[in-house]
Amino acid sequence: MAIDQRKVAVFAGAFVLRLVLVFLFPSLPDLLTGRVEVSTPVNSFKRLQEGLFLYTRNVSPYDGGVFHQAPLLLPLFALLPDVTQYPLPTALFFFGVDLVNAYALSTISDSGQSVKSRLHSAMRKHIRWDGASVAAWFLFNPFTIATCLARSTSVFTTSGILFAVSNAVEGNSINAMLAIGFASYLSLYPALLFVPVLLLCYDFHAEKSKQSLNTTVFVLQHTAIFLGSLTGLLAISCLITGNFWEFMSATYGFHLLVPDLTPNVGLWWYFFIEMFDSFRAFFLGVFWLHLASYAGGLTFRLRRQPLFIVSSLLGVFAIFKPYPSISDASLYLALLPLYRHLFPLMRYTFFAISALLYSSLLGPAFYHLWIYAGSGNANFFYAITLVWSLGLSILLADFLFAGLRDEWEQDHPEAQGKEVKQV
Amino acid sequence: MSATQGDVKSLQAQDAPDAPKSVKRAPPPETSQAIYTRFKVIAAFWAVIIFLGFPIWWKTTSIYRAHLPIQDMLEWANGKTCRPVFPLEIHLMTPTMQLPESQHLLRTTQHALDDLNEFAAHHLRLKLVNDSSALNVEQREKASGTDAEEADIALTVRVLSQDDLPAPRSYLHAETTQLDIFYPPNQAPIPSSSNPPLSVFIAQELQQLYWEEKATIAHVLSGETGNLDSISPQLAESISRRFRRSMKYADTYHLSFSLFTPGSAPSSWDIEAAVQEYLAPLLNEFASISNFTIDTQVQLYASFSPMAPSPVFEETEAAWTLQKEDLSAFINAAEWPLNPSIGSGPTLNFILYVPSPSQSPLVVKENHASSWIVPQWGGVFLLNPPLSSDSTNPSHLSKDSLRPAFMTFSHQLLTLLGTPTTPSSLPLRLQALVRVRAASLLLSASSTMGSLARLTESLPSIPIPATVASSVSDTLSHLSAACTHMKHGRFSAALANARIAEIEAERSFFEKSMVGQVYFPDEHKIAVYLPLLGPIGVPLIVGLMKELKRIVATLKARRANAA
């Protein structure tokens, strides 16, 4: 059981590292919680505490206009001891969630779905990392550590997505649908992943089952499970908050209408600060449709590699969703090592990684200049978020190129390793 | 963005770099499956655009323009719908005359009046009233205020005979709307005479009473007094001066009474009782014209502005004096907390200044006045209270000591609100103000309607919310109601309607969602749409064009094959 030992070492190491950070720098979690790069209005732990305070005093948690997260988080966190007096249990809980996410990742990696699916088999199968390495890549990523220490609630969405995928590649399609339903319930945008996850499930079952699968029945079944899980979660939320429309408008309405323009690493806030009021509604529609339109196109183009669709869409979300944070980027980066075999085909990794490093170092500095020192203005920080998005876009585009090249080489085995040109 | 679209990509193999580059090889033919995939990808993007994008674009950028009665609005603005007229009903009582004599007097007086009148819009109509008790008249007057059908009684003229009078004489009651005419019995009108001197006298008296009001209304209606030849330049000047000094009409005025003193005393005043006793009756009379809110303040250690010249002691007067031309610097606007406006309406400031004992008494040098008016702003009163034995100001100002100040403030308030200065009867002056305000509100609401109509016609891109349309229809209905009331001499009702019309007109004109887009021409929309939609749109459109070309080519090829 050598692999298991490595995995245990990775998990234990990640756990100890987080523990050490918390004990060496006791103020670090609170500092990170207040950073705009980590905490957005829809995943901030501070806002969660505000909602929790109202909830435990039997006031509607959405009354203050501060809390915009799913109501199911409230009873969950009400079980944990008060974070201001005993921060450790909450921290340990978040460490646990991180480890569980890493476990899901290693499961996905071990399934080998990334190199060989029903309709596709990569040309460079031999170049790959095992589950322990993929988990280590995720767990020791500074972005993941920062998200975990900041106790951002987007880790639950991450869990939902990763478990949906890991269950799908293992054939537990019902669990996969429930998990994607849970993720969509928490953050709305994972609903766009429904089709690729469904494809993953379908491919698994189509490969395993002897007789041909009835596609329509399969799709209807799984859609029903997905919608059922969503309905169930919404019903429970309704029981918790009491007022259905208030909670819908405070959570999903908030995601859709983007009323809070607190700076974050995304592209929306600055654009909507500058937008004429009368065009605000129109451009909200444009931005959301832009985000959503990738789902259809990528799904058709990459039909043969459903997991690759999921990864690419997560990259698109990390760039173009309304309230992105570094946790979204960390999720996308966590899926990249599954495609270790594509790394040789990528062309701009140096440039993309430089841009990401550059912006993650300069971003906090420019934010400080703008907000605290007063010697800069909003454009400073916005410029850096543009660079960040540019870096991610290059990475995403390069990654897509590599994936397509790999697919093309499978169709044209004679051209493997040759120079190619896009026409 | 285009790089993420795997759809427009196909890959072409080339030789290794060491091979000669001149040798061009055609790309390997695309499989039909790849072509089909590309078609699906492009279709997916365009499906989102067509089925979601265009409806959202249509829904969020369409401009709601409620229907406005443009023609009606313009006609109101041009004065075609309503010419304001002022038929004043005057009751004539002749307790000492026989009925035929009275009727003759009425007829001849009306004749004389019509001869004197040169301003057709404003005319006086006499009406004989038989029951002659003055008490009854007042009751009737009250009753007619509530009765919508009867015209307001502008004035009651009582013609009484009095012995030992050389010539007719008139007496105007200051507190009521009553004019008494006394005539020597020998001048009693004889039915045969066509132009009895008594009639002429009454007509002249009436003309005198309404002279300033007529001039004012003519000024309001035409913007100048030029169309009345007989108005003296002095009167015209005084009217336009009154317009300059008085506040613009507002539905609600805010009255702010402030006690300023440079020392520590007086530190309190009986302001509530004083306002209640001296001012409240006047404000009640004004209730039909405007509403009032009141606040008060006491400011101790209020020093003069360092720029203002300090008072000079005048030996001959035994008083400290202020130069008339320095009065404008008297108010220390920088340091005295005098808010320009509290709440919605404009603020009228009334300042009671108690000078320090070392500078008391303080008066204006030229005319020893202790008060003056600040045009369109308020009034100042210098109160010099009797000093106590140790030569300090009293620490409290009683209601009685405030009396002169409040009498002055009342007068200043009347002036600031634009009340005509003649005649001497306050009720008559207020009535005149009612008519003047009704006329000016009618005109201003009408012209606002006209502006709104022109605005909406000249800017087809601004939205017109339903609230604006309802405000406009409210305005128009109240305007026509005001016009009808005016025609029948019911001026209080006309004013009430005109006030609502004005409020609604202002509301519709200054509707926020409409004004926001006034300065947003169509050309700017390119600048709004293009920066984002251009980069997104170009690859999508190019992809669509290529695909359509391919489909057309395939169809042609198929047809050629078939042929």
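Conventions used here
- For every chain, the first residue of the written sequence is number 1, and numbering continues from 1 along that sequence.
- Labels follow written order: the first chain is A, the first ligand is 1, and so on.
- Given that this is a predicted model, residues contribute local features only at a pLDDT of at least 70 and side-chain atom pairs are listed and counted only at 80 or more, while totals for whole chains, interfaces and linings are drawn from all residues.
- Strands here are runs of E lasting at least two residues and helices are runs of H or I lasting at least four, both read from the DSSP assignment and numbered beginning at the N terminus.
- Here the C-beta atoms are placed from the backbone, and a residue counts as buried if at least 20 other C-beta atoms lie within 10 Å of its own, exposed if 12 or fewer do, and partly exposed otherwise.
- Remark: residues whose backbone-derived C-beta atoms lie within 7 Å of one another are considered to be in contact.
- How far a helix is expected to stretch is found by multiplying one less than its residue total by 1.5 Å.
- Two strands make a pair as long as DSSP finds a minimum of two bridges between them.
- The axes used here are C-alpha line fits, helices contributing only the stretch in contact, and every angle between their N-to-C directions lies in the interval 0 to 180 degrees.
- A set of buried Ala, Val, Leu, Ile, Met, Phe, Trp, Tyr and Cys residues, joined to one another through C-beta atoms within 7 Å, is what we call a nonpolar core.
- UniProt positions are given in the numbering used here, feature names are shortened, and annotations may be inferred rather than shown by experiment.
- Angles are sorted into four bins: roughly parallel if under 35 degrees, roughly antiparallel if over 145, roughly perpendicular if 65 to 115, and oblique for all others.
- Put simply, a crossing is left-handed when the front helix is turned counterclockwise from the back one by less than a right angle, and right-handed when it is turned clockwise.
- By the convention adopted, Pro, Cys, Tyr, Trp, Phe, Met, Ile, Leu, Val and Ala count as nonpolar, Lys, Arg, Asp and Glu as charged, and the other residues, Gly among them, as polar.

Notes on the overall build of chain A
Looking only at helices and strands, chain A has 18 helices and one strand in total. Out of the 423 residues in chain A, the part that is buried amounts to 47%. Taking the contacts inside chain A whose residues are at least 6 apart along the sequence as the reference set, 73% of them involve residues at least 24 apart.

Points about helix H11 (residues 215-241) of chain A
Spanning 27 residues, H11 of chain A covers 39 Å between terminal C-alpha atoms, matching the ideal 39 Å at 1.5 Å per step. Where H11 of chain A terminates, the next one or two residues include Gly-242 of chain A, which has phi positive at roughly 90 degrees.

Points about the sheet that holds strand S11 (residues 319-322) of chain B
Residues and elements named next belong to chain B. With mixed pairing, three strands are arranged side by side in an open sheet as S10-S11-S13. The outermost strands of the open sheet, each flanked by one partner alone, are strand S10 (312-314) and strand S13 (362-364). Taking each pair of neighbouring strands and ignoring which way they run, the sheet shows an average axis angle of 45 degrees. One ladder, built from three bridges, connects S10 with S11; its direction is antiparallel.

Some remarks on the nonpolar core
Inside soluble globular proteins, nonpolar side chains tend to come together where they are buried. Ala-164, Val-165, Ile-180, Val-197 and Leu-313 of chain A are the most contacted members of the largest nonpolar core, which totals 113 residues. Broken down by element, the residue count for this core peaks at 14 residues, all from helix H18 (residues 378-411) of chain A. The contact partners of Ala-164 of chain A, leaving out residues within four places of it in the chain, are Ala-176, Ala-179, Ile-180, Ala-183 and Val-197 of chain A. Residues Met-93, Val-157, Ala-482 and Leu-495 of chain B belong to the second largest nonpolar core, which totals 66 residues.

Observations concerning the UniProt feature "transmembrane region" (unreviewed entry) in chain B
Residue and element names in this part refer to chain B. Per the UniProt record, the feature "transmembrane region" (unreviewed entry) sits at residues 41-58 and 526-545. In the segment residues 41-58, helix accounts for 100% and strand for 0%; the C-alpha atoms at its two ends are 25 Å apart. Across residues 526-545, the secondary structure splits into 100% helix and 0% strand, with the terminal C-alpha atoms separated by 23 Å.

Examining the packing of helix H8 (residues 154-170) of chain A against helix H16 (residues 326-335) of chain A
All names here are of chain A. Put simply, H8 and H16 touch, their axes get as near as 10 Å, and they point 25 degrees apart. On the basis of their axis angle, the class for H8 and H16 is roughly parallel. For the crossing formed where H8 meets H16, the hand is right-handed. Between H8, through Ser-154, Val-155 and Thr-158, and H16, the contact on the second element is made entirely by Ser-327, Asp-328 and Leu-331. Partitioning the contact of H8 with H16 into residue classes produces two nonpolar, three polar and one charged.

Examining the sheet that holds strand S6 (residues 178-183) of chain B
Residue and element names in this part refer to chain B. The strand order across the open sheet built from five strands is S3-S2-S4-S6-S5, with neighbouring strands paired in mixed fashion. Whereas interior strands pair on both sides, the edge strands pair on one side only; in this sheet they are strand S3 (122-129) and strand S5 (169-172). In this sheet, adjacent strand axes meet at a mean angle of 25 degrees when their direction is disregarded. Summarising the sheet, S5 and S6 pair through four bridges and their orientation is antiparallel.

Details of unusual backbone geometry
Backbone geometry follows two general trends: most residues other than glycine have a negative phi, and most peptide bonds adopt the trans configuration. The backbone phi angle of Leu-188 of chain A is positive, close to 70 degrees, even though this residue is not glycine. Structurally, Leu-188 of chain A is set in the loop between helix H9 (173-187) and helix H10 (194-208). Assessed through the 19 C-beta atoms surrounding it within 10 Å, Leu-188 of chain A is described here as partly exposed. Of note, His-368 of chain B is a non-glycine position whose phi angle comes to about 60 degrees, a positive value. Along the polypeptide, His-368 of chain B turns up in the loop between S13 and strand S14 (371-374).

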